[in-house]
Amino acid sequence: MPAILFKPASKPIASSAPTCDYDRLIFSYAAVTKFIKQIDELKSSCEKYKDFDIFPISIKFNKLLGKSLRIKQIFRYENKIQQIWSSYIFENDSITDSINIVYKCDLNGIDATKRMFTDITKKFSEEEFKKFNTMEDTDIKEELVKKGLPKNYFTCLYDILHVENIALHSFDVAKIFSSRFTPITKILNLFSDDEKFKNFLINKKIIDEAQFRKAKILDFTYNFTLDVIKKINETVPFIIASSVKDETITFKKNIPENHDASKIYINKSTGREPVIGVIDSGIKFSDNWSSYVAEQKKLLLPGMNSRYDHGTGVCSLIIGNDEINPNFKDNLGNFRVKLFEVLPDSDSGLSESLLIKLLNEEIIAKNQDIKVWNISIGFEVPDFNSITFLGKQLDDLQEKYDVQFVVSLGNYQYVSPADSLTAISVGSRYLNDQQKYVRCSYSHDVKVLKMYDKPNCQTINNDKSVPDNNINKIKILNEFMNAYYDEGTSFSAPLIARKLAHLIHVEKLSPQLSRSIINYLAYNDKENHFVDLNILNSKRDLFVMFEGEMLAKNSKAGIVYNYETDVKIDVSKLIIPSKNRTATSQIDCSVNYALSYNLAGRSTFGDEYSSTDIGMKLNYLQTNEQGKTKRRSLLSANDNAVTLNSTEKEWRKHHGKYNPSRVVVSDKKIVIPDITPSPTNFTFSLHRIELFDDDSKSIKYGAIFHLFSDNVEAFEDFVSDNEVNIQRVISIGIDTEDEIDIEA
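S.K.: Let's hear about the overall build of the chain: which residues, and what values?
M.R.: Helix and strand content of the chain: 16 helices and 38 strands. With 744 residues in all, the chain has 58% of them scored as buried. Residue pairs in contact within the chain that sit at least 24 positions apart in sequence constitute 79% of those at least 6 positions apart. Accessible surface computed for the chain: about 31,400 Å², of which carbon and sulfur atoms make up 46%.

S.K.: Explain the packing of aromatic side chains to me, using residue names and the numbers behind them.
M.R.: Evaluated as defined, the whole model comprises 33 aromatic pairs. With centroids separated by 4.8 Å and ring planes inclined at 80 degrees, the aromatic side chains of Y437 and F530 adopt a geometry described as edge-to-face. Taken together, the positions of Y437 in strand β21 (residues 437-439) and F530 in the loop between α14 (511-524) and β27 (541-550) put the pair 93 residues apart, joining distant regions of the chain. In textbook terms, an aromatic cluster arises when at least three aromatic residues are bridged by ring pairs, as seen for Y49, F52, F55, F191, F197, F200, F212, F220, Y222, F224 and F238. One cation-aromatic arrangement involves K147 over F124; the distance from NZ or CZ to the ring centre is 5.2 Å. Residue placement shows K473 over the ring face of Y485; its charged tip is 5.5 Å from the ring centre.

S.K.: For the sheet that holds strand β8 (residues 216-218), give the residues involved together with the corresponding values.
M.R.: Strand pairing in a sheet relies on backbone hydrogen bonds, with the paired strands running either antiparallel or parallel. The antiparallel open sheet is built from 4 strands, whose spatial order is β8-β9-β7-β10. Looking at strand neighbours, the two that pair on one side only are β8 and β10 (240-245), the edges of this open sheet.

S.K.: Quick one: what's the story with helix α9 (residues 226-235), residue by residue and with numbers?
M.R.: What α9 keeps buried is the set V228, I229, I232 and N233. The buried residues of α9 all sit within an arc of 135 degrees when viewed along its axis, so they share a single face. For α9, the secondary structure elements touched by its buried residues are α6 (174-177), β7 (183-187), α7 (194-203) and β10.

S.K.: Any details on the side chain of N456? Residues and values, ideally.
M.R.: With respect to the helices and strands, N456 occurs in the loop between β23 (452-454) and β24 (457-460). Taking relative accessible area as the criterion, N456 reaches 5% and is therefore assigned buried. A polar side-chain atom of N456 sits 2.8 Å from the main-chain amide nitrogen of S425. At 3.1 Å, the side chain of N456 forms a polar contact with the side chain of K454.

S.K.: Run through the environment of L574, naming residues and quoting values.
M.R.: Mapped onto the elements of the fold, L574 is located in the loop between β28 (560-569) and β29 (585-586). Once the C-alpha coordinates of L574 and A714 are considered, the two residues, 140 residues apart in sequence, prove to be 5.9 Å apart. Discounting chain neighbours no more than four positions away, the residues touching L574 are I569, I587, D588, C589, S709, A714 and F715.

S.K.: How would you summarise the nonpolar core if you had to cite specific residues and measurements?
M.R.: Ranked by internal contacts, the top residues of the largest apolar core, which has 122 residues, are F52, F75, F224, I363 and F405. Filtering out sequence-adjacent residues up to four positions away, I363 remains in contact with I279, L299, F340, V342, L358 and W373. If you look at the next biggest cluster of nonpolar residues, it comprises 62 residues, including I276, V314, L332 and I704.

S.K.: Break down the pattern of salt bridges for me, with residues and values.
M.R.: Counted under the stated rule, the structure contains 25 salt bridges. Where K114 meets D40, a salt bridge forms, and the shortest distance between an N and an O atom there is 2.7 Å. In this pair, K114 sits in helix α2 (residues 107-123) while D40 sits in helix α1 (residues 29-46), placing the two residues 74 residues apart along the sequence. Among the ionic pairs, K338 bridges to E295, the shortest N-O distance being 3.1 Å. Here K338 is found in strand β14 (residues 336-341), whereas its partner E295 is found in strand β13 (residues 293-298), with 43 residues between them in sequence. Overall, K338 belongs to the buried group, its relative accessible area being 13%. A residue is classified by how much of its surface remains accessible, and E295, at 36% relative accessible area, is partly exposed. One connected set of salt bridges, linked through shared partners, spans D194, K216 and D219.

S.K.: Any details on unusual backbone geometry? Residues and values, ideally.
M.R.: Along the chain, S416 connects to P417 via a cis peptide bond; the corresponding omega equals 15 degrees. Within the secondary structure, P417 sits in the loop between β19 (415-416) and β20 (424-431). Along the chain, K454 connects to P455 via a cis peptide bond; the corresponding omega equals 5 degrees. If you check the backbone angles, F220 has positive phi at about 60 degrees while not being a glycine. Among the structural elements, F220 can be located in the loop between β8 and β9 (221-222). Phi is positive for Y412, close to 65 degrees, though the residue is something other than glycine. Along the polypeptide, Y412 turns up in the loop between β18 (404-408) and β19.

S.K.: Can you break down the environment of M116 residue by residue, with the values?
M.R.: Topologically, M116 is positioned in helix α2. What makes M116 buried here is its relative accessible area of 10%. Between the C-alpha atoms of M116 and N152, which are 36 residues apart in sequence, the distance is 9.6 Å. Setting aside its immediate chain neighbours within four residues, M116 contacts Q73, I74, Y153 and C156.

S.K.: Describe the sheet that holds strand β3 (residues 55-61), and please don't skip the residues or the numbers.
M.R.: Reading across from one edge, β4-β5-β3-β6 is the order of the 4 strands in this open sheet, with antiparallel pairing throughout. Every interior strand has two partners, whereas the edge strands, β4 (83-91) and β6 (163-168), have only one. Averaged over all adjacent pairs, the angle separating strand axes in this sheet is 20 degrees, with direction ignored.

S.K.: Which residues make up the packing of helix α13 (residues 493-506) against α14, and what are the values?
M.R.: Two numbers describe a pair of packed helices, the interaxial angle and the distance between the axes. At a minimum axis distance of 9 Å, the contact between α13 and α14 shows a crossing angle of 130 degrees. One finds that α13 runs oblique with respect to α14. α14 is crossed by α13, and the crossing has right-handed handedness. Here I496, K499, L500, L503 and I504 of α13 come into contact with α14, specifically with P511, S514, R515, I517 and I518. Of the residues contributing to the contact of α13 with α14, the split by class is 7 nonpolar, 1 polar and 2 charged.

Here is what the cut-offs are and how they apply
- Starting from 1, residues in each chain are numbered consecutively following that chain's sequence as written.
- Reporting in this predicted model follows two pLDDT cut-offs: at least 70 for local features of residues, and 80 or more for side-chain atom pairs to be given and counted; totals over whole chains, interfaces and linings ignore these cut-offs and use all residues.
- With hydrogens and water set aside, each side-chain value is computed from the structure's full complement of heavy atoms.
- For the purposes of this entry, the term helix denotes a DSSP run of H or I that reaches at least four residues, the term strand denotes a run of E that reaches at least two, and both are numbered from the N terminus.
- Relative accessibility decides the category of a residue: with a 1.4 Å probe and only protein chains considered, values under 20% of the type maximum give buried, values over 50% give exposed, and everything between is partly exposed.
- The contact rule is simple, with two residues in contact once any of their heavy atoms fall within 4.5 Å.
- Every accessible area reported is derived by Shrake-Rupley at a probe size of 1.4 Å, with residue values counting cover from the shown protein chains alone.
- Aromatic rings from Phe, Tyr and Trp, with only the six-membered ring used for Trp, were paired whenever their centres fell within 6.5 Å, and each pair was classed as stacked if the ring planes differed by under 30 degrees, edge-to-face if by over 60, and tilted otherwise.
- Counting as a charge over the ring demands two things of the Lys NZ or Arg CZ atom: a distance within 6 Å of the ring centre and an angle within 35 degrees of the ring normal.
- The pairing criterion is simple: DSSP has to find at least two bridges between the two strands.
- In this description, the arc belongs to the directions extending from the helix axis to the C-beta atoms.
- Between N or O atoms, a polar contact is any pair within 3.5 Å; within protein, one atom must be a potential hydrogen donor and the other a potential acceptor, and residues adjacent in sequence are included only when both atoms are from side chains.
- In this text, buried Ala, Val, Leu, Ile, Met, Phe, Trp, Tyr and Cys residues form a nonpolar core when linked through side-chain atoms within 4.5 Å.
- Whenever a carboxyl oxygen of Asp or Glu lies within 4 Å of a side-chain nitrogen of Lys or Arg, that contact is scored as a salt bridge.
- An axis is simply a line fitted to the C-alpha atoms; with a helix, the fit covers only the stretch in contact. Between two such axes, the angle follows the N-to-C directions and lies from 0 to 180 degrees.
- Roughly parallel means an angle under 35 degrees; roughly antiparallel means over 145; roughly perpendicular covers 65 to 115; every other angle is labelled oblique.
- Take the far helix as your reference; a near helix turned counterclockwise from it by less than a right angle gives a left-handed crossing, and one turned clockwise gives a right-handed crossing.
- Nonpolar residues are Ala, Val, Leu, Ile, Met, Phe, Trp, Tyr, Cys and Pro. Charged residues are Asp, Glu, Lys and Arg, and all others, Gly as well, are polar.

The quantities given are spatial measurements derived from coordinates; they are silent on function.
Take a look at the structure:
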């Protein structure tokens, strides 16, 4: 059965938000009076800075709040709730059930918040207040109206149920001054743009325009010197959101194990092969290999010297893995590279801030025709309790330019930008002498923010430190065009970049759908997490794919926007024969899925990243005697399922946390309520929900459903039954003749 690309539902169906779960929440008169006192202390802190108009209000919640329990009425700015930062709270290297969220507000918003709660305490005695806990929500609202108060005061009472503390935000800069390094500093967005922030610093005589221009990396992200940070903190100690060391990467040349040292022949490039962008050191190719270099751009600072070993090895695998490693062919043909040289020799170094600027200003922005980017370099990650600036930037660039990054996991030390939530990070396994794949000693598994599993997938590599990796080694080329053996996740990422480029450039799939395919196939291979595109040509399995955009124009907070596409499945070919069939029958079919989407450019939100959550379901459509259709969910993230993040089920259920690269694998068989005439209607449903009223961009997504049954005839009529919704039938073109066959 070939893979099916479906037409996505283009018009969303809006439905009301899920009702809030307020169980075990107690209204407390004492809590209200305590909150009023904290507001007075907050205002007193703000009034010390009379020439400042806007303030960051830090609220510590004693729960990792889901979207339905976030504040809705208190601390409004310009009549909106404006979250500008967040940070998870860790103890003993584990996330606690609490979170700090920072909101933009002004003195008017603070006064309005106090006025609402003061009105409540004036109208209700403590004894009257206690009765709220025995009343229905509608009755509480009626009591408020009887006392001459607006109904929305009811929401204010719920807003503070999980508030532990409020204060003017402040960033602890002591750790910066205790170490001698230049930090990358993120400034809270209390100004409408960088120009106003620059004018503020100049007026306060903190910095001049030339210094500001030199320090700027991204919007509200700077590489300030320590004395500038000190002046900023003394003037407005609440303006810094976060700060980390500006890491520097240097490479020492390896002494290669030239056990091969042979020359590898390759046919000259036709000039039509897909191009993969590579961000690495310099490269040197000769003979026909040089014809596969579409362009090489040197971006080293003046005085920096080039090195060629690392970049040449990485690019050699992208260009011609099958020629170099015939025992590990992927049969995808050859690719061209466009190389951006950023990594100098060992006498110099590449700083993280410089790479961020180059990516944003020179590399990605000016080469938007390149959709696949390989990054096999990185900077040490000090901890996994936050995502690095570089990791966040990759997420932003992927959303902005509709590209996909493939990054190496790192050797022994996990590196950034492998912590990017939407990049595909790659680890390494070697084939031992017993023909078993084993994880390389330098390649590890980690959880970013203790939630998101990295790497996303694994590929073949070498491990010099183990005695059972003597044969079956993978080779790369050096700058002298000799094949040799090396090791490292740097040489794993290119093998995934090839597969990704095949899906995007040859199969014409979107970057988001291609990422879903890579992530799903890797996770479906439970033993090694390898990516085998040939699985998509399975005869007994059905792969249904979607790619599209979810609209966001004037999206309302809490409203669920569903995108549904009907499909028909012949249930009669799936039913397990049973003499004692009940009203509810188990169907001999299982469904897994993967969903990928890019972030909507909300990195200013801190650890939480985005105000948008996207999910998907498979629904069975049941029609009752009155002719009304009811949707019953057959598969969702709340099923008993193993996911890409093993705790995602609980996390999403309790905290509403999103995962932009989700994989759900379930061993459960489909259960439907009745046996109905075939073919039966099902619905693939994707939904989008907003935390705030939002007019942000549409979000591009890609999703793959994997339906499989023990009955080989289960899906033989699927294409003919669903012609109206099928956009394209895809036969993944991988064969030993390097011929690509796409069935339109």
